[in-house]
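Overview (structure and organization)
Chain by chain, the residues run as shown.
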Amino acid sequence: MSTFAEILLNGVSLGSVYALIALGFVVIFRATEVVNFAHASLLLAGGYVTATLHDDLGFWPALLVGIAGAAVVGAAVEFLVMRRYRGSDHSVLAIVTIGVDILLTTELTRRMGTDVLPLGDPWGDAVLKLGPISLAHTRIAAFVAAALLITAFLLVFRYTSWGVAMRAAAESAETAALMGVRLGRVSLGAWAVAGGLAAVAALFLTVFPTPGLERATSLAALKAFPAAILGGLDSTTGALVGGLLVGITESLATGYQSDLTFLGRGLGDLAPYLVMVVILLIRPAGLFGTKELARV
């Protein structure tokens, strides 16, 4: 029972980090109706800035610069690339984000080489003992940070003019524009917020027990993609629930891998996608996604 509790707590912590990444997918989709496949490169950019600056600036200033840097990169992608294709088909815009991701990831991995970069976090490998349950301080910090950031985002989304503008744009971009909503600002803000959230997620994906930031770190964004899909790409609540489901599923599948060998190796990496497929077979719009009705 203690093993199950430990795996479950680690899954909730990991899921909260996935929720941050999934929320970035949802924010951009709600603002622009575009699936952002460049999110992985934003995550890698934020982590790289933090890793390269923490020796000179210290951890917390470097983290703030990393968050700001990822936000600036996201805003630059929107302003310099995506805005030029405004009015194009959404599938075309999604393909454009794939090209952006390839360019950014290639440049960042060229700079990193084969090195594993520590981010200089203050928690190290410290572990909290709760009876028979062991929980890394990094996992606790990840959950607390994710909870605070997600709560702050939901409050901003609900009570600020930017949040109202984003909700209006998500309902009907054309009507929102006619009512005076500046869609360019909404889109720019969405990309910046997504970049900042990705930078925070990069931190908690590369601290203990992970050795540090490496070229494959950006692949973690692919694990958060099922979270956004199964929760519903246009639902902030769905991003949170989807992230927790993916994190818990991955942790349980990895923790009990030895008892599930008949299903093959690497089940922990595959399990989130299996859950996504099962849920989409039952609810094609996701758990909290909006169903589109068409009159024919």
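Residues numbered from 1 in each chain as written. Predicted model: local features only at pLDDT ≥ 70, side-chain atom pairs only at ≥ 80, totals over all residues. Heavy atoms only, no water.

**Observations concerning the overall build of the protein**
- Across its full length, the protein carries 11 helices and two strands.
- Along the chain direction, N to C, the helices and strands of the protein fall in the order α-α-α-α-β-β-α-α-α-α-α-α-α.
- Its C-alpha atoms give the protein a radius of gyration of 19 Å, within 12% of the compact-globule value 19 Å for 296 residues.
- For the protein, buried positions account for 47% of its 296 residues.
- In the protein, of all internal contacts separated by at least 6 residues, the share reaching a separation of at least 24 is 76%.
- Put simply, the protein shows about 14500 Å² of open surface, and 66% of that area lies on carbon and sulfur atoms.
- Across the protein, 18 positive and 19 negative side-chain charges occur, with their mean positions spaced 8 Å apart. (Helix = DSSP H or I, 4+ residues; strand = E, 2+ residues; numbered from the N terminus. Rg over C-alpha atoms; globule rule 2.2 N^0.38 Å. Buried < 20%, exposed > 50% of the residue type's maximum accessible area, 1.4 Å probe, protein only. Contact = heavy atoms within 4.5 Å. Areas by Shrake-Rupley, 256 points an atom, 1.4 Å probe, with all protein chains shown as cover. Lys, Arg positive; Asp, Glu negative; His and termini not counted. Charge placed at Lys NZ, Arg CZ, Asp CG, Glu CD.)

**Details of the nonpolar core**
- Counting residues in hydrophobic clusters, the biggest one holds 74 residues, and the most contacted among them are Ile21, Met166, Phe204, Leu205 and Leu213.
- Here this core takes 13 residues from helix α1 (residues 2–32), the largest share from any one element. (Core = buried A, V, L, I, M, F, W, Y, C linked by side-chain atoms within 4.5 Å.)

**What to know about the confidence of the model for the protein**
- Overall, the predicted model of the protein reaches an average pLDDT of 87, with 95% of residues at or above 70.
- By mean pLDDT, helix α7 (residues 173–178) is the weakest element of the protein at 82, and helix α3 (residues 59–80) is the strongest at 95. (pLDDT = per-residue confidence, 0-100.)

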